[in-house]
Amino acid sequence: EADIYQTPRYLVIGTGKKITLECSQTMGHDKMYWYQQDPGMELHLIHYSYGVNSTEKGDLSSESTVSRIRTEHFPLTLESARPSHTSQYLCASSEYIPDRNNEQFFGPGTRLTVL
Amino acid sequence: GIQVEQSPPDLILQEGANSTLRCNFSDSVNNLQWFHQNPWGQLINLFYIPSGTKQNGRLSATTVATERYSLLYISSSQTTDSGVYFCAVSRGNYGGSQGNLIFGKGTKLSVKP
């Protein structure tokens, strides 16, 4: 079944630790996205990718980094977690073909708490 | 960039009531999506509706692209409809950041039994 997977779903970690949030999709999509969402607030785009070896920064500045070595995989890394990174992180994907349906689909999200 | 405004910000309904949520956007768009965020934080796709009208069970949506607004209708609301409803738009799937979704602040819906 075509889907988007994120692991872990919940993560509580201490300040200064390096973390990687995983995102994989079996939708066959080229374009992938990472959003950050604070409780009760709107989503903000922090990273996106058009395909393998493509990464772009989104509208909201983030200290995280991303990589796209495989089409289906788009991990997000924080080298040194801080309490200000506490948030929910949502991964999404869509097709990338001009003039075609580019509906985005979302994974279940990762709730990150940095103590 | 495009501005997206949703109204009302909060809505409390009694089970069985109907409601209309509104999304206004400031520029022409090629993509408009409605999502429901459940209490566990997951975003569920409701409609991909850059124009026209669609229906899915008790939910329906209408987008009038020329007047830059979209409406989401919920009929016979149930407690499971509670959560936050987001509208998001983009200018289509072209090069650069134009294809990226811009989200409104959402409408928080609470349905009481």
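Peer 1: Mind showing me how you'd approach the overall build of chain B here?
Peer 2: The helix and strand tally for chain B stands at zero helices and 11 strands. Reading chain B from its N end, one meets helices and strands in the order β-β-β-β-β-β-β-β-β-β-β. On C-alpha atoms alone, chain B measures out to a radius of gyration of 14 Å, which is about the 13 Å that the 2.2 N^0.38 rule sets for 113 residues. Across its three principal directions, the C-alpha atoms of chain B cover 45 × 25 × 20 Å. For chain B, restricting intrachain contacts to residue pairs at least 6 apart in sequence, the fraction spanning at least 24 positions comes to 57%. By element, 48% of the accessible surface of chain B is carried by carbon and sulfur atoms, the whole surface being about 5,200 Å². Charge centroids of chain B, computed over 8 positive and 6 negative side chains, lie 4 Å from each other.

Peer 1: Honestly, the environment of N100 of chain B in this entry has me stumped. Any pointers?
Peer 2: Here N100 of chain B shows up in the loop between β9 (83-90) and β10 (102-103). C-alpha of N100 of chain B to C-alpha of A88 of chain B: the two residues are 12 residues apart in sequence and 9.5 Å apart in space. Side chain to side chain, N100 of chain B and K31 of chain A meet in a polar contact 3.0 Å long.

Here is what the cut-offs are and how they apply
- Positions within a chain are numbered from 1, following the residues in the order the chain's sequence is written.
- The lettering of chains begins at A and the numbering of ligands begins at 1, in the order of writing.
- In view of the model being predicted, local features appear only for residues whose pLDDT reaches at least 70, and side-chain atom pairs are presented and counted only at 80 or more, with totals across whole chains, interfaces and linings using the full set of residues.
- The side-chain quantities take in all heavy atoms of the structure and omit both hydrogens and water.
- Each helix corresponds to a stretch of at least 4 residues labelled H or I by DSSP, and each strand to a stretch of at least 2 residues labelled E; elements are numbered beginning at the N terminus.
- Atoms considered for the radius of gyration are the C-alpha atoms alone. The globule rule reads 2.2 Å times the number of residues to the power 0.38.
- Note on contacts: a residue pair is in contact if any heavy atoms of the two residues lie within 4.5 Å.
- All accessibility values rest on the Shrake-Rupley procedure with a 1.4 Å probe; residue burial counts only the protein chains present in the view.
- Asp and Glu count as negative and Lys and Arg as positive, but His and the ends of the chain are not part of the count.
- All charge positions are set by atom: Lys at NZ, Arg at CZ, Asp at CG, Glu at CD.
- Side-chain atoms alone can form a polar contact between residues adjacent in sequence; in general such a contact is a pair of N or O atoms within 3.5 Å, and within protein one must be able to donate a hydrogen while the other accepts it.

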